[in-house]
Each structure stands twice: as C-alpha cells, then as structure tokens.
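So the chains spell out like this:
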Amino acid sequence: MAEALAPPLPDDIDRLAAAVLQAACAAELRLASAESCTGGLLASLLTDIPGKSHAFERGFVTYTDEAKHELLGVPKDILQSAGAVSEPCAVAMAEGALKHSHADIAVSITGFTEGGPGAPAGLVHLACARRGQATRHRVERFGDVGRAEVRLSALRVALTLFQDSLSALAAASRPALRRSP
C-alpha cells in the first residue's frame with residue numbers, strides 16, 4: 001500500500017516551499033532538485049504552487065546507482081566506495097544537477113527510509129550547490145520513524161537548504177549600511 005502523501009503534506013512544509021519559491025522569484029533565480037529516497041516529492045512540491053513554480057527549472061529522480069551516474073554524472077567510484085547514501089554522493093548529485101540544468105541552485109537528497117544491514121533507517125545525506133560557491137553538505141539521522149516521516153523530514157531540510165542559500169544571496173546583494181563618524 002502506498003503511503004507517500006497520506007496524510008497530506010503538513011502546513012509548515014507548504015509554507016516553507018512557498019517562501020523558497022517567493023525568494024527565488026524575487027532574486028530571479030532558478031532551482032533544481034536531485035532526489036533519491038524522496039522519489040520526486042521535492043520537485044512535485046515546488047511545481048505545485050501556483051504563480052511561482054516557474055522558479056523551479058527541473059528535477060532529477062535518480063533512485064538507482066545507474067541513474068545517479070547516467071543522469072547526474074556521479075562517478076562510479078563514489079558509488080562503489082562511499083555508496084549512494086554518503087556525503088560524496090550527495091555532493092556529486094547536487095553538483096551534477098547544476099551541471100545538467102540551467103538552475104542557479106540545486107539540492108540533492110539521498111538516504112535510507114527503512115533499515116537493513118549497513119543501511120540505518122532514517123540516515124539521509126543532503127547537499128546544496130550554488131553556481132560559483134562551495135557545495136554544502138548536511139547529514140540527518142531521523143531514526144526508524146517510518147518511510148513517510150523520513151521523506152517529510154528530508155523535504156523540510158531540503159527546503160531549508162534552498163532557503164538558507166537564497167537568504168545568503170539576498171544578504172550579499174544588500175548595500176552595506178554606513179555609519180556616521
């Protein structure tokens with residue numbers, strides 16, 4: 001039985017997505033996503049908000065190692081040595097999404113929604129790549145809280161990464177205040 005959006009997305013995620021798109025529109029920037037364990041939920045969310053979804057340039061759903069390599073250019077040696085759920089893979093996914101799109105900022109998500117041998121439930125690696133900037137990585141350990149909750153929690157973090165990157169751009173573009181002598 002599918003459990004992707006049952007119950008529907010929480011209001012805080014909708015508000016955060018709207019704020020991210022508003023900031024991207026205001027800055028005239030385009031966004032991209034590279035998703036594995038969220039299966040395209042981030043892309044779906046960012047294209048579901050009327051009047052602002054044009055800020056989302058494209059999304060990559062790369063659930064398998066082959067897709068990560070073929071669509072995003074994640075090196076096979078990273079997938080074989082570090083694994084698909086790792087910092088190097090998340091960084092390569094975000095950077096690959098920028099390289100293979102016209103976006104200005106890309107966020108990647110890769111993780112384990114369920115546990116297994118060598119696969120701790122709730123371990124998620126995310127990265128945010130911005131043209132001309134160093135790629136930032138974030139690891140989350142949500143725990144064995146269920147597939148749907150891990151995916152929702154990953155959406156929150158991914159949106160926060162977009163928001164932080166957009167806020168940093170906005171702050172950098174503001175003129176400095178002058179102090180009186």
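Details of the structure are given in the entry above.
Position numbers for residues count from 1 along each chain, tracking the sequence in the order it is written. Restriction of local features to residues with pLDDT of at least 70 applies here, the model being predicted, together with a cutoff of 80 or more for giving and counting side-chain atom pairs; totals for whole chains, interfaces and linings are based on all residues. The side-chain quantities take in all heavy atoms of the structure and omit both hydrogens and water.

A.B. asks: Sorry if this is basic, but what is going on with the pairing of strand S5 (residues 136-141) here?
C.D. replies: Two faces make up the sheet, and in a regular strand the side chains alternate between them. Bridge count between strand S4 (residues 123-130) and S5: 6 bridges; the pairing is antiparallel. Its bridge partner being in S5, leucine 123 is matched across the sheet by arginine 141. For two strands to pair, DSSP has to find at least two bridges joining them. In DSSP terms, a helix is any run of H or I states spanning at least four residues, a strand is any run of E spanning at least two, and both are numbered starting from the N terminus. The hairpin formed by S4 and S5 contains 5 residues between the paired strands, and glycine 132 there has a positive phi angle of roughly 80°.

A.B. asks: Would you mind going over the pattern of salt bridges with me for this structure?
C.D. replies: Any two side chains of opposite charge can pair, so long as their charged atoms come close to each other. A pair is scored as a salt bridge if a Lys or Arg side-chain nitrogen falls within 4 Å of a carboxyl oxygen belonging to Asp or Glu. Across all of its chains, the model carries 5 salt bridges by this definition. The partner of arginine 147 in a salt bridge is glutamate 114, with the nearest N and O atoms 3.2 Å apart. Of this pair, arginine 147 sits in helix H6 (residues 147-173) while glutamate 114 sits in the loop between strand S3 (105-111) and S4, and the two are 33 residues apart along the sequence. Residue classification places arginine 147 among the partly exposed residues on the basis of a relative accessible area of 23%. With a shortest N-O distance of 2.6 Å, arginine 138 and glutamate 140 are connected by a salt bridge. When a residue's accessible area, from a 1.4 Å probe over protein chains only, is under 20% of the maximum for its type it is buried; when over 50% it is exposed; and in between it is partly exposed. On the basis of relative accessible area, arginine 138 is assigned to the partly exposed category, the value being 31%. Sharing partners across several salt bridges, the network here consists of Asp12, Glu149 and Arg156.

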